[in-house]
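Tertiary structure, described
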Amino acid sequence: MFSNSFRDKILPIIRNIQIDENRRKIIIARFVDEVVVYDKKARVTEGFYMAFNVIITVGSVILPALLSIQNVNFSEDEEVDESYRNRIYWFTWCLSLLISICNGLIQLLSLNKLYSSYIMVREKLIAEGWKYLELCEDYDGKDHKQNFTKFCEEIENIKQSQTERELVFLNPKPHNSNNANNANNANNANNANNANNA
């Protein structure tokens, strides 16, 4: 798994850098563990997204087939036919409901966007961590002890940006209502001007 291989690679390097033990623990807790957390979030989100999509795809293929045979006579006994029709009807109803629920959950939770976002944050954290450990780019010219505060700030900025993105996914801005409010305000202003002119 990614989390195990990442820990195996990064932890020996972190343990060998010249830094206070307390700061070393902070790096492990706020960097290494967070990378693992976001990787798990991405895997869970991907699992639900793929499962829901499989249900929607397979169900959408089966549903028309069931509807096409709903009124077919399966035998010469009317009671037997009615029993089969009832079973097909309720199975079709349940399948249709399941497809709608899965589709609704994908749209409500924005699973595809969340998965991409989690992967992006994970890779950003990893890239920032390697820059710090290698003392390159923004960390060039100073040692790990001097760059510690800057590294922590960068990690927290990445996490804060991700939190803000998640809030946007769960609470999209009502653009239409804003436009309606602006239109109403404009109408009110025009009415007031007309009244004054009159």
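All figures in this text were calculated on a predicted structure; none of them were measured in a lab.

1. Comments concerning the overall build of the chain
A count of helices and strands for the chain gives six helices and zero strands. Listing every helix and strand of the chain by position from the N terminus yields α-α-α-α-α-α. Within the chain, contacts between residues at least 6 apart in sequence are counted, and of these 70% link residues at least 24 apart. Surface exposure of the chain reaches about 13,000 Å², of which carbon and sulfur atoms provide 54%.

2. Topic: the nonpolar core
Core analysis: the largest hydrophobic core is formed by 24 residues, its most contacted members being Ile10, Ile27, Phe31, Leu125 and Tyr132. Looking at this core, the elements that each hand over two or more residues are helix H1 (2–16), helix H2 (21–68), helix H4 (111–134) and helix H5 (144–170). When near neighbours in sequence (up to four residues on either side) are disregarded, phenylalanine 31 contacts Phe6, Ile10, Ile14, Ile26, Leu125, Ile126, Gly129, Phe151 and Ile155. In this structure, Phe52, Ile56, Ile99 and Leu111 belong to the second largest nonpolar core, which totals ten residues.

3. Description of the pattern of salt bridges
Counted under the stated rule, the structure contains nine salt bridges. Across the salt bridge formed by glutamate 123 and arginine 122, the nearest N and O atoms sit 2.7 Å from each other. Residue arginine 122 is classed as buried on the basis of its relative accessible area of 13%. Here lysine 131 and glutamate 137 are joined by a salt bridge, their closest N and O atoms 3.3 Å apart. Classification of glutamate 137 by relative accessible area gives exposed; the value is 55%. Where salt bridges share partners, they join Asp39, Arg43, Arg122 and Glu123 into one cluster.

4. Some thoughts on the environment of tyrosine 84
With respect to the secondary-structure elements, tyrosine 84 resides in helix H3 (residues 78–109). Between the C-alpha atoms of tyrosine 84 and asparagine 71, which are 13 residues apart in sequence, the distance is 9.4 Å.

5. Digging into the side chain of glutamine 162
For glutamine 162, the position within the fold is in helix H5. Judged by relative accessible area, glutamine 162 falls into the buried class, the value being 0%. Setting aside residues no more than four positions away along its own chain, glutamine 162 makes contact with Tyr38, Ser117, Tyr118 and Val121.

6. Focus: unusual backbone geometry
A positive phi angle, close to 50 degrees, is found at serine 110, a residue other than glycine. Along the polypeptide, serine 110 turns up in the loop between H3 and H4.

7. Focus on a nonpolar patch on the surface
A contiguous nonpolar patch, built from Val54, Val58, Val61, Ile62 and Phe91 and spanning about 450 Å² of accessible area, is present on the exposed surface. When residues in the nonpolar patch are grouped by element, the largest group, four residues, is from H2. With respect to the helices and strands, valine 58 occurs in helix H2.

8. Section: H3
With 32 residues, H3 ought to run about 46 Å at 1.5 Å a step, and its terminal C-alpha atoms sit 46 Å apart, in line with that. Buried residues of H3: Asp81, Arg85, Ile88, Thr92, Leu95, Ile99, Cys102 and Ile106, and no others. Among the structural elements, H2 and H4 are those in contact with the buried residues of H3. Of the residues flanking the end of H3, it is serine 110, one or two places downstream, whose phi is positive at about 50 degrees.

9. Describing the packing of aromatic side chains
Working definition: an aromatic ring pair is given by the centre-to-centre distance plus the angle between the planes. One pass over the structure, following the stated rule, counts nine aromatic pairs. A cation over a ring is seen here: arginine 87 above tyrosine 84, with NZ or CZ 5.7 Å from the ring centre. When the ring centre of tyrosine 139 is taken as reference, the NZ or CZ atom of lysine 150 above it lies at 5.6 Å.

10. Overview of the packing of H1 against H2
Remark: H1 packs on H2, axes separated minimally by 11 Å, with the N-to-C direction vectors making an angle of 170 degrees. Our classification of the angle between H1 and H2 gives roughly antiparallel. Residue-level contacts link Phe2, Ser3, Phe6, Arg7, Ile10, Leu11, Ile14, Arg15 and Asn16 of H1 to Arg24, Ile27, Ile28, Phe31, Val32, Asp33, Val35, Val36, Asp39 and Arg43 of H2. Counted by class, the contact of H1 with H2 contains eleven nonpolar, two polar and six charged residues.

What counts, and at which threshold
Residues numbered from 1 in each chain as written. Predicted model: local features only at pLDDT ≥ 70, side-chain atom pairs only at ≥ 80, totals over all residues. Heavy atoms only, no water. Helix = DSSP H or I, 4+ residues; strand = E, 2+ residues; numbered from the N terminus. Contact = heavy atoms within 4.5 Å. Areas by Shrake-Rupley, 256 points an atom, 1.4 Å probe, with all protein chains shown as cover. Core = buried A, V, L, I, M, F, W, Y, C linked by side-chain atoms within 4.5 Å. Buried < 20%, exposed > 50% of the residue type's maximum accessible area, 1.4 Å probe, protein only. Salt bridge = Lys/Arg side-chain N within 4 Å of Asp/Glu carboxyl O. Patch = residues over 30% accessible without salt bridge, like charges linked within 9 Å, V, L, I, M, F, W, Y side chains within 5 Å. Expected span 1.5 Å × (residues − 1). Phe/Tyr/Trp six-rings, centres within 6.5 Å; stacked < 30°, edge-to-face > 60°. Lys NZ or Arg CZ within 6 Å of the ring centre and 35° of its normal. Axes fitted to C-alpha atoms, helices over the stretch in contact; angles between N-to-C directions. Parallel < 35°, antiparallel > 145°, perpendicular 65-115°, else oblique. Nonpolar A, V, L, I, M, F, W, Y, C, P; charged D, E, K, R; others polar.

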